[in-house]
Structure formats: C-alpha cells, structure tokens
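Given next are the chains, with one letter for each unit.
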Amino acid sequence: MNPVPQTVLTDPMVPVAIWMMLMVAAVPAVMLLASPQAVHRPGRLVMTIVNVLRCHLEAREQARRDAAAAIRYAAQARVAAAHADEAVRYRQELWREAGQRADDLWLTWQATEKQVTRGRATTVFTAPWAARTSTEVTDRARFLHRTVRAAVERGDLPATALAAALSGRDGWDPWRHPVEQELVILQAIAAHQQQRHQLATVAERAARHDIHHAAAVRDRLRDEARTAAQHAARHQLRPAIEHWSLPALRLTWGYRLA
C-alpha cells in the first residue's frame, strides 16, 4: 500500500497542514482580489501577509496551550475521581466492620443478660448469710476485687470499675455474699456491654453516612472528569486552522480599506 495515502488517512494533522499551505499560497490572490491597488504597493501587501501569518501562528500557539491545559485538567480530574472511588470502597469496608462489631456486641450483651437472669434465679434460692467475722469480710472483699480485676482484664468492665471496687464506690459492696457479688458483677458487665453496643451502633450509622457523602463526592468528580475529558477531546480534534479565518479577513478588509 502507498504510504502517502495511508499517512493522510491515519494522521489527522496531515490534511490540516496541507490545507494551511494552500491557504498561505492563496493569501496573495485574496489580497489582490480584495484590493487591486495592492499591485502598486507590494511592500504593504507583503506586510499584510506577514501580519496574517503572525496572527495565525499566535492563535495556533494559544490553541495549543489551551489544549494542553485542558488535557492536564482532564488527567487531574480523572485521578481525583479514581481516588474518590477508592475512598468509597474504603468507607464501605469501614461500614461493614462497624456493622459486624455492633452485631457481635449485641450477641455478647444478650448472652450476658441471660447469665444475669440465671444469676437472679440462683440468688432467690440461696440464703446468703451476713459476714460474722473480719476474716469473712476480708475474704469477700478479696473475692470482689479479684473478680472485678479479671473482668477488667478481659475487657468486660472499664478500668474505672476496679478503682471503684477497691474503694467501695458505685455500688461495689465488699460485705455482700459472693453469690450476690457475682450477680452485681454480671449486671455491671451487661450494662457496660449495652453501652458499648450503643456506641457501636452510633459508629455504624456514622460510617453509613460517610459512605453517602463519599459517594456524592465520587459522582460529582466522575461527572467533572467526564466533562473535562470531553472538553479536552474537543480541543484535540479542533483544527488549528480555524483560527486563520478571523485575522485573515480582518487584515484583508483593513488592507482593502487602506
């Protein structure tokens, strides 16, 4: 196959260049038709042609800069849209983790509530006796402190519970029978787990809200990237020769009137 026609068909700038050369060659004839007096003033005709070419080259350079700027902006918008899409996926993963955590805390809380119910039944059928000696009081206090410390270490109670138990505050009574103390500890654990579940539910709702916000940002950036890509494509496909006509006509008409 002849490489010349193939080049003309594959490279969009080749027809534009050919058309530009034809226009440049036709400018003197256009000038003469516009003003036959140009034959008597060839220097002015040459200056007019030079001005036309200069204006065209400036317009073409400005078009090139505009096209490059549009391409850069389109690339930046595309990258921003990709990052926004990654942010949505990240937020979705956080939401799934928050939902799973809330579900796990719910199950743990309900299991503890069942233990509290069984503990109440045990307390009803048990006749706790009051401590009669200082040794019994000491043993009950040690049992309370040991059990609360173990619950804190497991994460079933906050760290503040141990300090309260050691000082006998917030309902921690070392004089109670161990059966009663176990029930009180279970109730405290259930209350703490309920609070943690409530906080996890709030975090899950916040994560879901973050997904909606991130998705809105992603959609906006996608639209912006699509518009920027179309704008850049128009700049790339727009032939530079379109900037020729206005300065050529203006200068031709000005020369004709001169």
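The structure under discussion appears in the preceding block.
Residues numbered from 1 in each chain as written. Predicted model: local features only at pLDDT ≥ 70, side-chain atom pairs only at ≥ 80, totals over all residues. Heavy atoms only, no water.

Draft legend 1. Examining helix H4 (residues 134–154) more closely. For H4, spanning 21 residues, the distance from its first C-alpha to its last is 30 Å, which sits close to the expected 30 Å at 1.5 Å a residue. Taken as a whole, H4 has its buried residues at Val-137, Arg-140, Ala-141, Phe-143, Leu-144, His-145, Val-148, Ala-151 and Val-152. Backbone geometry just after H4 places Gly-155 at a positive phi near 90°. (Helix = DSSP H or I, 4+ residues; strand = E, 2+ residues; numbered from the N terminus. Expected span 1.5 Å × (residues − 1). Buried < 20%, exposed > 50% of the residue type's maximum accessible area, 1.4 Å probe, protein only.)

Draft legend 2. Inspection of the nonpolar core at higher detail. Leu-144, Val-148, Ala-151, Val-152, Leu-157, Ala-161, Leu-162, Ala-164, Ala-165, Trp-172, Ile-185 and Ile-189 form the largest nonpolar core, which has 12 residues in total. Counting residues per element, the ones that place at least two in this core are H4, helix H5 (159–167) and helix H6 (178–237). Once residues lying within four places of it in the same chain are set aside, the contact partners of Ala-164 are Arg-169, Asp-170 and Trp-172. Ala-70, Ala-77, Ala-84 and Leu-221 belong to the second largest nonpolar core, which has nine residues in total. (Core = buried A, V, L, I, M, F, W, Y, C linked by side-chain atoms within 4.5 Å. Contact = heavy atoms within 4.5 Å.)

Draft legend 3. Structural context of the side chain of Arg-218. Mapped onto the fold, Arg-218 is located in helix H6. On the basis of relative accessible area, Arg-218 is assigned to the buried category, the value being 16%. Among residues more than four places away in sequence, those in contact with Arg-218 are Ala-84, Asp-85 and Val-88.

Draft legend 4. How the structure looks around the side chain of Glu-204. The residue Glu-204 is located in helix H6 in this model. With a relative accessible area of 14%, Glu-204 lands in the buried category. In contact with Glu-204, other than residues within four places in its own chain, are Trp-95, Ala-98 and Gly-99.

Draft legend 5. Spatial organisation of the packing of aromatic side chains. A full pass over the atoms with the stated rule returns one aromatic pair. Judged by centre distance (5.3 Å) and plane angle (85°), the ring pair of Trp-106 and Trp-109 falls under edge-to-face. With a gap of three residues between them, Trp-106 and Trp-109 both fall in helix H3 (residues 42–124), about one helical turn apart. Taking relative accessible area as the criterion, Trp-109 reaches 13% and is therefore assigned buried. (Phe/Tyr/Trp six-rings, centres within 6.5 Å; stacked < 30°, edge-to-face > 60°.)

Draft legend 6. Here's a closer look at the environment of Ser-167. Along the polypeptide, Ser-167 turns up in helix H5. Separated by 22 residues in sequence, Ser-167 and His-145 have C-alpha atoms that sit 10.0 Å apart. Engagement of the side chain of Ser-167 in a polar contact is seen with the side chain of Arg-169, the distance being 2.8 Å. (Polar contact = N/O pair within 3.5 Å; in protein donor to acceptor, adjacent residues only side chain to side chain.)

Draft legend 7. Representation of the packing of H4 against H5 within the structure. Packing of H4 against H5 brings their axes to within 8 Å, and their N-to-C directions diverge by 170°. Taken together, the axis directions place H4 and H5 in an arrangement best described as roughly antiparallel. Along its contact with H4, which presents Leu-144, His-145, Val-148, Arg-149 and Val-152, the element H5 presents Ala-159, Ala-161, Leu-162, Ala-165 and Leu-166. (Axes fitted to C-alpha atoms, helices over the stretch in contact; angles between N-to-C directions. Parallel < 35°, antiparallel > 145°, perpendicular 65-115°, else oblique.)

Draft legend 8. View of the pattern of salt bridges. In this structure the tally under the stated criterion is 10 salt bridges. Of the charged contacts, one joins Arg-154 and Asp-156 as a salt bridge, the two residues approaching to 2.8 Å between their closest N and O atoms. A relative accessible area of 18% means that Asp-156 is categorised as buried. Residue Asp-223 is joined to Arg-226 by a salt bridge in which the shortest nitrogen-to-oxygen separation is 2.8 Å. Of this pair, Asp-223 and Arg-226 both sit in helix H6, three residues apart, which is roughly one turn of the helix. Among the ionic contacts, a cluster of salt bridges with common partners joins Asp-85, Arg-89, Arg-218, Asp-219 and Arg-222. (Salt bridge = Lys/Arg side-chain N within 4 Å of Asp/Glu carboxyl O.)

Draft legend 9. H5, seen in detail. Within the sequence span of H5, burial applies to Ala-161, Leu-162, Ala-164 and Ala-165. Looking straight down H5, one finds its buried side chains confined to an arc of 165°; they lie on one side. Among the exposed residues of H5, those pointing more than 90 degrees away from its buried face are Ala-159 and Thr-160. Contacts made by the buried residues of H5 are with H4. (Arc of directions from axis to C-beta.)

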